Protein chains: 4
Amino acid sequence: MSDTNLYRLNSKEVAKATEEWLMKRGVNKGQIGQLVMLLQKDYFPELTLDECIENVEAVLAKREVQNAVLTGIQLDMLAEEGKLLPPLQNMIWNDEGLYGCDEILALSIVNVYGSIGLTNFGYVDKLKPGILKKLNDRNDNQIHTFLDDIVGAIAAAASSRIAHRKQAEREARAEGGGSV
Amino acid sequence: MSDTNLYRLNSKEVAKATEEWLMKRGVNKGQIGQLVMLLQKDYFPELTLDECIENVEAVLAKREVQNAVLTGIQLDMLAEEGKLLPPLQNMIWNDEGLYGCDEILALSIVNVYGSIGLTNFGYVDKLKPGILKKLNDRNDNQIHTFLDDIVGAIAAAASSRIAHRKQAEREARAEGGGSV
Amino acid sequence: MSDTNLYRLNSKEVAKATEEWLMKRGVNKGQIGQLVMLLQKDYFPELTLDECIENVEAVLAKREVQNAVLTGIQLDMLAEEGKLLPPLQNMIWNDEGLYGCDEILALSIVNVYGSIGLTNFGYVDKLKPGILKKLNDRNDNQIHTFLDDIVGAIAAAASSRIAHRKQAEREARAEGGGSV
Amino acid sequence: MSDTNLYRLNSKEVAKATEEWLMKRGVNKGQIGQLVMLLQKDYFPELTLDECIENVEAVLAKREVQNAVLTGIQLDMLAEEGKLLPPLQNMIWNDEGLYGCDEILALSIVNVYGSIGLTNFGYVDKLKPGILKKLNDRNDNQIHTFLDDIVGAIAAAASSRIAHRKQAEREARAEGGGSV
């Protein structure tokens, strides 16, 4: 490879593209934050939507997450345009039950904050609250076979991050106050 | 190693111990079958409890599943007896939120029938229907930190197996009948 | 959805497309079988290449595996044609070190026969013997960012399957002969 | 639960126990750092052992990693003392080929820094360089069925962390210098 063609990954471009494509596909951070709130409000009654959104942003700052988001959106868009190889086209277009590559990419997002997020991912993926319902109704002629699992996984990962943070805060307070 | 000490794994013993220990810890196949029914009845209205139990048995026949069941039950029992290293003892005894090794073992069970079971696992792990509620109430002074996730995972894996089988049956019928 | 448009997955078509696309992308079962042989011959000196290929075929008969193969080849081909979203195009074209979605799809293949295949996958993915070297040399102007990991994963899964089978054979012999 | 029994996880104790038990079982951070060096020196010739050890420390600071280390060491020690349920005792004592729960816990460590570490994990787990060889020779009458996979996984995760850091440094330099 000649020096002029030398590939230099630019992390900022990857992060920016992730944010832009989520928006273009109809998902904003506030909507993901609301999923996080739904998952966590019973455990942390004082949790605010702003805090939830901050944690969503932290999840979206991870390269592993950006990779999965871009790859999933790409496959959704190609299915929409009918440009995939025949059986794959059918499977993704129909969000077929035996096609699990969407869950696999989602799992790679959840795992970045550890396995404790698995339950939360499964729960929202089954019930499809809020933005997940909208992504699934197909009223907009869009295919979101990957994106709906990915958005649920981002919410689950942000929930795991909150669980870790809240524990750290509790311990810091306990130390400061001399108790425990 | 001398020949007399030569280790020879006996798969039947592993399978038998798995079945016995599930029973001793208060879980039978019918109860896991009912979880499967709950997860699958909306998709396959003709599904019977017997079919669910058959699929649970097929899941339990896998070595990977037996390994996870025995390892999880072992850790639960040691926690019950107070025999674990201090911080681990506390984490497993209290089913602590930031301890995720129970979900990890459960995931290894789900994965044997592919990622399509992830959603079902998370759903029952959150809602704790049937036997999962009983495993979580701690009325019997038993610790089931691992077992409750493991039982949910077995039900999720059996559900995946059913989804694969039903598709195969549908295609066989379609072929036989000349339609499609 | 009207009845005439009703989606009916045809498993045979998925299986056939998987086999055809592997061939079109330059990979045959014999080459994957040779990777299996390399991984297993020290443990089972009597293993034949035919047996290795049979086990590769059994792995390729799994829907989860077919899904991953088709999805990975699709992304490779689109990268080759320059048709992906900008940062994704760069990452897959260059097989970029921080892009891990190829390993994620590969892992979903390995997991179908349990976690015991992880080591074998990592080993061939690092050393790139046989067909894996060819897939990586880029002499043919093809991009195989996904396919090389996928082929290594198929070989690792087939190796796990052999380990399970050989143990079953050993136990059957022991029983038949009355020993152990 | 009454207030006096209230469980309060103390993260510092978990971290301290992890470090102590690794030492007691014969593993120090320098030895894990050497595995990291082996895995990364070809990509980053300027990498020092101190940097490798710093990255090992960052991996060990994660709760998910600490959980897996403590759980794995616990099972190794119980196998050593002969205190496990019969078939599990045999499987862990003999580091049996079809028992994969050790790889599963290891995978949960690797995943904390994303799937890009899978290859490195498999590679050292197969070749057993340095400390991994020592953990496997059984000269000390100790069982390290879990610990050897766990140590390899920590080294693989630290390698992934280095790959991410080095990329960030490269981009910071590029920006500072005005080039690219």
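Before reading further, recall that the structure is shown in the block above.
Thresholds applied
Residues numbered from 1 in each chain as written. Chains lettered and ligands numbered in written order. Predicted model: local features only at pLDDT ≥ 70, side-chain atom pairs only at ≥ 80, totals over all residues. Heavy atoms only, no water. Contact = heavy atoms within 4.5 Å. Salt bridge = Lys/Arg side-chain N within 4 Å of Asp/Glu carboxyl O. Polar contact = N/O pair within 3.5 Å; in protein donor to acceptor, adjacent residues only side chain to side chain. Helix = DSSP H or I, 4+ residues; strand = E, 2+ residues; numbered from the N terminus. Nonpolar A, V, L, I, M, F, W, Y, C, P; charged D, E, K, R; others polar. Expected span 1.5 Å × (residues − 1). Buried < 20%, exposed > 50% of the residue type's maximum accessible area, 1.4 Å probe, protein only. Axes fitted to C-alpha atoms, helices over the stretch in contact; angles between N-to-C directions. Parallel < 35°, antiparallel > 145°, perpendicular 65-115°, else oblique. Buried area = accessible area lost by both parts, 1.4 Å probe. Least-squares fit on C-alpha atoms with pLDDT ≥ 70 in both. Left-handed = near helix turned anticlockwise from the far one by under 90°. Phe/Tyr/Trp six-rings, centres within 6.5 Å; stacked < 30°, edge-to-face > 60°. Lys NZ or Arg CZ within 6 Å of the ring centre and 35° of its normal.

### Concerning the interface of chain A and chain C
Here is step 1 of the chain: Contacts between chain A and chain C engage 32 residues on the former and 33 residues on the latter.
Here is step 2 of the chain: At the boundary of chain A and chain C, one finds two salt bridges.
Here is step 3 of the chain: The residue R63 of chain A makes a salt bridge to E96 of chain C at a minimum N-O spacing of 2.9 Å.
Here is step 4 of the chain: At the junction of chain A with chain C, the criterion picks out eight residue pairs in polar contact (both at pLDDT 80 or more).
Here is step 5 of the chain: When residues in the side of chain A that touches chain C are grouped by element, the largest group, ten residues, is from helix α4 (residues 63-80) of chain A.
Here is step 6 of the chain: Split into classes, the residues belonging to the side of chain A that touches chain C amount to 20 nonpolar, seven polar and five charged.

### What about helix α3 (residues 49-60) of chain B?
Here is step 1 of the chain: For α3 of chain B, spanning twelve residues, the distance from its first C-alpha to its last is 16 Å, which sits close to the expected 16 Å at 1.5 Å a residue.
Here is step 2 of the chain: Those residues of α3 of chain B lying buried are C52, I53, N55, V56, A58, V59 and L60 of chain B.

### As for the packing of helix α7 (residues 118-127) of chain A against helix α7 (residues 118-127) of chain B
Here is step 1 of the chain: Direction vectors running N to C along α7 of chain A and α7 of chain B enclose 100°, while the axes themselves pass 6 Å from each other. Considered as vectors, α7 of chain A and α7 of chain B are oriented roughly perpendicular to each other. Every residue of α7 of chain B that contacts α7 of chain A at L118, T119, N120, F121, G122, Y123, D125, K126 and L127 of chain A is listed here: L118, T119, N120, F121, G122, Y123, D125, K126 and L127 of chain B.

### Here we look at the interface of chain B and chain D
Here is step 1 of the chain: Taken together, the contacts link 33 residues of chain B with 32 residues of chain D.
Here is step 2 of the chain: Between chain B and chain D, roughly 2,800 Å² of surface is buried when both sides are summed, and carbon and sulfur atoms account for 73% of that area.
Here is step 3 of the chain: Our count for the chain B to chain D interface comes out at two salt bridges.
Here is step 4 of the chain: For the pair chain B and chain D, the interface holds eight residue pairs in polar contact (both at pLDDT 80 or more).
Here is step 5 of the chain: Elements with a minimum of two residues in the side of chain B that touches chain D: α1 (11-24), α4 (63-80), α5 (86-93) and α6 (101-110) of chain B.
Here is step 6 of the chain: Counting residues per element, the side of chain B that touches chain D draws most heavily on α4 of chain B, which supplies ten residues.
Here is step 7 of the chain: Each residue belonging to the side of chain B that touches chain D can be placed in one class, and the counts come to 21 nonpolar, seven polar and five charged.

### What about the relation of the copies chain A and chain C?
Here is step 1 of the chain: By a simple turn and slide, chain A fits onto chain C: the slide is 0.0 Å along the axis, the RMSD is 0.0 Å, and the turn is 180°. Between the two chains, the operation in question is that of a two-fold axis. Considering only C-alpha atoms, the part of chain A nearest the rotation axis is I104 of chain A, at 3.5 Å.
Here is step 2 of the chain: By residue overlap, the copies meet face to face through one surface: 100% of the interface positions of chain A are interface positions in chain C.

### Digging into the relation of the copies chain B and chain D
Here is step 1 of the chain: When chain B is brought onto chain D, the operation consists of a screw motion whose angular component is 180° and whose axial shift is 0.0 Å, with 0.0 Å RMSD remaining.
Here is step 2 of the chain: Taken together, the interface assignments show that 97% of the residues at the interface of chain B recur at the interface of chain D, consistent with an identical surface on both copies.

### Side note on the packing of α4 of chain A against helix α6 (residues 101-110) of chain A
Residues and elements named next belong to chain A.
Here is step 1 of the chain: At a minimum axis distance of 9 Å, the contact between α4 and α6 shows a crossing angle of 160°. Taken together, the axis directions place α4 and α6 in an arrangement best described as roughly antiparallel. Where α4 crosses over α6, the two elements pack in a sense that is left-handed. Residue-level inspection shows E64, V65, A68, T71 and G72 of α4 in contact with α6, the latter providing L105, S108 and I109.
Here is step 2 of the chain: Of the residues contributing to the contact of α4 with α6, the split by class is four nonpolar, three polar and one charged.

### Remarks on unusual backbone geometry
Here is step 1 of the chain: Positive phi outside glycine occurs at D95 of chain A, with the angle close to 45°.
Here is step 2 of the chain: Here D95 of chain A lies in the loop between α5 (86-93) and α6.

### Regarding the packing of aromatic side chains
Here is step 1 of the chain: Following the criterion strictly, the structure yields four aromatic pairs over all chains and no others.
Here is step 2 of the chain: Where Y99 of chain B meets F146 of chain B, the ring centres are 6.1 Å apart and the plane angle is 75°; that geometry is what we call edge-to-face. One end of the pair, Y99 of chain B, is in the loop between α5 and α6; the other, F146 of chain B, is in helix α9 (residues 145-177), with 47 residues separating them in the sequence. The two residues Y99 of chain B and F146 of chain B agree in class, both being buried.
Here is step 3 of the chain: The lysine or arginine in question, K166 of chain C, covers the ring of F44 of chain C, its NZ or CZ lying 6.0 Å from the ring centre.

### Things to note about the side chain of N111 of chain D
Here is step 1 of the chain: Mapping N111 of chain D onto the fold places it in the loop between α6 (101-110) and α7 (118-127).
Here is step 2 of the chain: Excluding residues that lie within four positions of it along the chain, N111 of chain D makes contacts with N111 and V112 of chain A.

### Some points on the environment of G114 of chain A
Here is step 1 of the chain: With respect to the element layout, G114 of chain A can be found in the loop between α6 and α7.
Here is step 2 of the chain: Looking at G114 of chain A, the relative accessible area reads 2%, which means it is buried.

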